[in-house]
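Chain by chain, the residues run as shown.
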Amino acid sequence: MADTSRIQADPASTGQSRRAGERFDPRVRFRVLGPLCAVVADPGEAGVVEIGLGGPKQQLVLALLLTQPNRPVSTDILIDGLWGDAPPASARHTVQGYVSELRRVVGDAIRREGAGYVARVDESTLDSLEFEAMVIEGEAGLAADPDSASTLLRAAEALWRGEPFEGFGDSDAIDGERRRLAENRMSAIESRIEAELALGRHGELVGELDRLTHEHRYREELRAQHMVALYRAGRQAEALRAYQHTRSVLADDLGIDPSPGLRRLEEQILVQDPALDLAGSDDTVADVDRPVVNPYKGLRPFSAQDVDDFFGRERLVDHIVGLVDSGADLVALVGPSGSGKSSLLHAGVGPALGGDPTWVAATMLPGSHPFDELEAALLRAVARPPATIIDDLTDTESGLQRVVLRLLDEGQRLVLLVDQFEELFTLVDDSLARSFLTCLLTAINDPRGRVRLVISLRADFYEEALRHPDLARVLTGNVVNVIPLDLDSLEAAAVGPAARMGVGFEPGVLAALLADVAGQPNALPLFQYTLAELFDRRAGSELTSSAYEELGGLRQAVGIGAEEAYRSLDPTQQEAARQLFLRLMVVGDSGVTRRRVTAVELLALDLDVVAMQVAVDVFVRHRLLTLDRHPTSGGPVIDLAHEALLTEWGRLRGWIADHRDTLRRYPPYASLVEEWLTSGRDPGFLLSGARLEQYAEWRAVVPIALTASERQFLDEAVQARGALDAVEAERLAEQ
């Protein structure tokens with residue numbers, strides 16, 4: 001968190017500019033980090049003796065010299081600092097007298113130089129220079145040795161006895177140095193807290209940070225450290241409340257929003273981002289004490305990292321890889337929701353092709369911004385990615401070919417794996433979807449043959465895909481129907497992962513599970529979810545029939561699990577959960593599909609953020625939601641673990657049925673809001689006329705809580721219409 005170069009040190013003040021042969025009196029030490037004083041070692045005792053520095057004016061002369069250590073201060077500046085605009089006639093003589101008396105008690109530390117005087121000191125004779133030297137050394141070691149850094153920074157803090165140059169009242173000549181030293185002190189405290197957070201001392205720091213954030217209300221670095229300490233201490237709700245407090249203070253007092261960094265931290269806390277955990281904390285547990293890892297995936301699809309647990313699709317993977325190797329420009333994996341297309345793509349086809357050095361495999365989901373997703377996928381896939389390729393991708397129809405030539409080595413080919421291809425028809429503006437399709441098709445039709453495309457497509461969107469003539473021509477040639485697993489493959493998918501963990505099945509439970517899933521076209525996510533729950537409830541090293549009965553069997557397991565999660569929430573948290581799930585779907589003419597939601601979007605809702613955090617956490621722990629990162633912004637993203645939840649959870653089906661018509665109108669409204677925001681809130685993009693009337697009525701009944709921007713879009717349209725009505729009324733009145 002700390003910037004190791006934050007200390008505002010003055011190079012000329014460090015003693016580096018001493019003239020050859022100059023000597024310092026080590027007995028005299030000046031202290032300005034508190035009331036001004038000078039001390040000398042007491043030869044008869046183990047301590048120091050304070051030197052009398054004369055009256056207030058004489059002390060002010062010394063203070064003025066010490067604000068600019070090792071730099072000459074002119075007599076005119078000293079006179080101005082002592083008397084301002086009304087110096088006495090004897091001012092110069094009086095200054096000479098003060099300096100002479102100071103030299104008598106502190107020796108050669110003060111010297112005549114040019115038209116003024118200079119205080120010759122170093123870090124051994126001036127506490128502010130010692131403080132800065134210690135802080136610079138401590139901050140330099142933050143990353144490598146936080147323990148030593150913390151010790152050194154605490155020692156630097158101990159040099160402070162109060163406010164710098166305390167007791168001199170308001171003095172323009174001193175105030176600048178006071179502010180600089182005070183800022184350096186706070187930076188040092190933040191650096192020391194950073195070191196101690198890295199050492200796992202978050203519990204000890206919470207109280208100190210409570211006090212510091214109260215005293216320094218606008219200091220966002222302290223608030224960020226406070227939030228991290230609370231989060232790591234298991235006090236997530238308090239961490240989110242702390243952010244809300246700072247947001248209100250900044251808005252009310254300064255009229256500004258929190259910094260992007262602090263906003264990102266709130267997003268991370270909302271979804272309990274593992275990046276916030278203490279580095280290396282997982283390594284504190286010995287391998288022999290680690291619990292057995294659940295090898296089943298719940299509702300989420302298998303990923304490339306799960307390839308060792310992916311059983312039952314070996315022959316189909318070989319067939320698809322053979323099609324790609326033999327020159328198929330496009331291979332479409334088509335099947336109903338729940339048939340295992342995504343897992344086949346990510347844990348089967350991708351790793352199989354990625355093992356061949358001539359193939360570069362890039363995996364993506366279209367999302368609502370497919371070109372951005374494509375850029376992120378390509379940059380992840382190559383060893384030496386450039387900073388950006390988005391302009392090359394979008395400039396012409398042949399953008400993807402140009403990027404491939406730029407990124408790939410000679411002899412390499414790109415296989416682009418596009419999961420949930422139907423998102424192009426549900427989440428993407430029609431013109432953008434056409435441009436993206438044209439980009440892909442132009443690339444795979446290139447006679448040089450360096451790009452192959454493998455997509456997964458829900459069967460109920462196959463007809464939609466055929467409505468695009470250029471896509472239809474290449475789509476029909478290599479369709480792979482992803483059908484339900486046969487009994488042998490299902491058994492392998494159940495037994496293989498458990499066997500890797502040394503776990504087996506009680507007699508009868510596997511037969512019952514296979515009987516429930518066999519022949520079902522969309523049951524694989526339910527199958528995996530049930531296996532994951534059985535594994536968690538195992539008795540010793542066996543998955544049991546009693547646990548299967550407790551779950552309600554295959555078909556009821558997901559619905560029961562979701563309802564249990566929902567009922568564990570209080571009413572405020574349940575409403576947050578309802579709003580969350582209503583945003584995790586798109587209700588369209590072709591049915592209900594899922595959509596991913598960013599943490600930013602959730603935090604923009606007028607809802608209790610702590611209740612939302614609890615709801616997200618509960619459904620993630622029940623394997624019903626998944627967390628990921630946005631490929632371009634890197635921010636947290638929440639998603640349904642699988643679309644099966646849309647049909648298997650009765651309460652969610654009820655929410656959809658009760659509000660189907662109003663929910664169907666949300667996606668086009670959200671698109672209008674995005675266009676308005678992209679335009680810089682151009683009034684020309686606001687609703688008017690009949691559409692404004694329709695959406696004003698819709699807002700009154702829509703069950704989805706709107707974000708601040710979504711509310712402002714409609715509010716400003718209503719205000720604009722009111723202004724036009726007033727002008728028209730005035731015109732009519734004048735006739």
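Residues numbered from 1 in each chain as written. Predicted model: local features only at pLDDT ≥ 70, side-chain atom pairs only at ≥ 80, totals over all residues. Heavy atoms only, no water.

A. Layout of the overall build of the protein. Secondary structure assignment for the protein yields 33 helices and 18 strands. Over its C-alpha trace the protein gives a radius of gyration of 34 Å, far above what one expects of a compact globule, namely 27 Å for 735 residues. Reported as C-alpha extents along the three principal axes, the dimensions of the protein are approximately 105 × 90 × 60 Å. A total of 735 residues make up the protein; the buried ones form 49% of that total. Intrachain contacts of the protein at a sequence separation of at least 6 include 70% that bridge at least 24 residues. Total accessible area computed for the protein in this model is approximately 33400 Å², and 50% of it derives from carbon and sulfur atoms. In the protein, which carries 75 positive and 115 negative side-chain charges, the distance between the mean positions of the two groups comes to 3 Å. (Helix = DSSP H or I, 4+ residues; strand = E, 2+ residues; numbered from the N terminus. Rg over C-alpha atoms; globule rule 2.2 N^0.38 Å. Buried < 20%, exposed > 50% of the residue type's maximum accessible area, 1.4 Å probe, protein only. Contact = heavy atoms within 4.5 Å. Areas by Shrake-Rupley, 256 points an atom, 1.4 Å probe, with all protein chains shown as cover. Lys, Arg positive; Asp, Glu negative; His and termini not counted. Charge placed at Lys NZ, Arg CZ, Asp CG, Glu CD.)

B. Main features of the sheet that holds strand S9 (residues 413-418). Spatial strand order, S8-S9-S10-S7-S11: five strands in an open sheet with parallel pairing. Each having just a single partner strand, strand S8 (359-364) and strand S11 (479-481) make up the two edges of the open sheet. With strand direction ignored, the average angle separating the axes of adjacent strands in the sheet is 20 degrees. Pairing analysis gives five bridges linking S9 to strand S10 (residues 451-458), with the strands arranged parallel. Looking at the pairing, Leu-416 lines up with Leu-453 of S10. Along the sheet face, helix H17 (residues 430-444) touches strand S7 (330-335), S8, S9 and S10 and points at about 135 degrees away from the line of S10. (Pairing = 2+ DSSP bridges. Axes fitted to C-alpha atoms, helices over the stretch in contact; angles between N-to-C directions.)

C. Spotlight on the packing of aromatic side chains. Across all of its chains, the model carries 16 aromatic pairs by this definition. Taking 5.3 Å as the distance between ring centres and 75 degrees as the angle between the ring planes, the aromatic pair formed by Phe-581 and Trp-649 counts as edge-to-face. With a gap of 68 residues between them, Phe-581 in helix H25 (residues 571-583) and Trp-649 in the loop between helix H28 (644-648) and helix H29 (650-658) connect regions that are remote in the sequence. Each member of the pair Phe-581 and Trp-649 is classed as buried. On the numbers, 5.4 Å between centres and 85 degrees between planes, the contact of Tyr-695 with Trp-698 is edge-to-face. Placement of the pair is Tyr-695 and Trp-698 together in helix H32 (residues 689-701), with a separation of three residues, close to one helical turn. Like Trp-698, Tyr-695 is buried. The aromatic ring of Tyr-117 is capped on one face by Arg-112, whose charged end is 4.8 Å from the ring centroid. Positioned above the aromatic ring of Trp-359, the side-chain terminus of Arg-413 is 3.8 Å from the ring centre. (Phe/Tyr/Trp six-rings, centres within 6.5 Å; stacked < 30°, edge-to-face > 60°. Lys NZ or Arg CZ within 6 Å of the ring centre and 35° of its normal.)

D. Structural detail: the side chain of Arg-223. With respect to the secondary-structure elements, Arg-223 resides in helix H8 (residues 220-232). Among buried Asp, Glu, Lys and Arg side chains, Arg-223 stands out as unpaired, with Asp-210 the closest opposite charge at 6.1 Å. There is a polar contact of 2.5 Å between the side chain of Arg-223 and the side chain of Thr-246. In contact with Arg-223, not counting residues within four places along its chain, are Thr-213, Ala-242, His-245, Thr-246 and Leu-262. (Salt bridge = Lys/Arg side-chain N within 4 Å of Asp/Glu carboxyl O. Polar contact = N/O pair within 3.5 Å; in protein donor to acceptor, adjacent residues only side chain to side chain.)

E. Spotlight on the pairing of strand S14 (residues 585-588). One ladder, built from four bridges, connects S14 with strand S15 (residues 591-594); its direction is antiparallel. Looking across to S15, one finds that Val-586 is bridged to Thr-593. Two successive antiparallel strands, S14 and S15, enclose a turn made up of two residues.

F. The arrangement of the nonpolar core in detail. Phe-527, Phe-581 and Phe-619 are the most contacted members of the largest nonpolar core, which has 110 residues in total. For Phe-581, the contacting residues outside a window of four places in its chain are Phe-619, Leu-625, Leu-640, Leu-645, Trp-649, Leu-652 and Trp-655. Ranked by size, the runner-up nonpolar core spans 47 residues in total, among them Leu-36, Ala-38, Leu-102 and Ala-188. (Core = buried A, V, L, I, M, F, W, Y, C linked by side-chain atoms within 4.5 Å.)

G. Highlighting the sheet that holds strand S18 (residues 636-640). In space, the three strands of this open sheet follow the order S16-S18-S17, with antiparallel pairing throughout. In the strand order of this sheet, the two ends are held by strand S16 (597-598) and strand S17 (625-629), each with one partner. Of the strand pairs in this sheet, S17 and S18 are connected by five bridges, and their pairing is antiparallel. In the strand pairing of S18, Leu-627 is matched with Ile-638.

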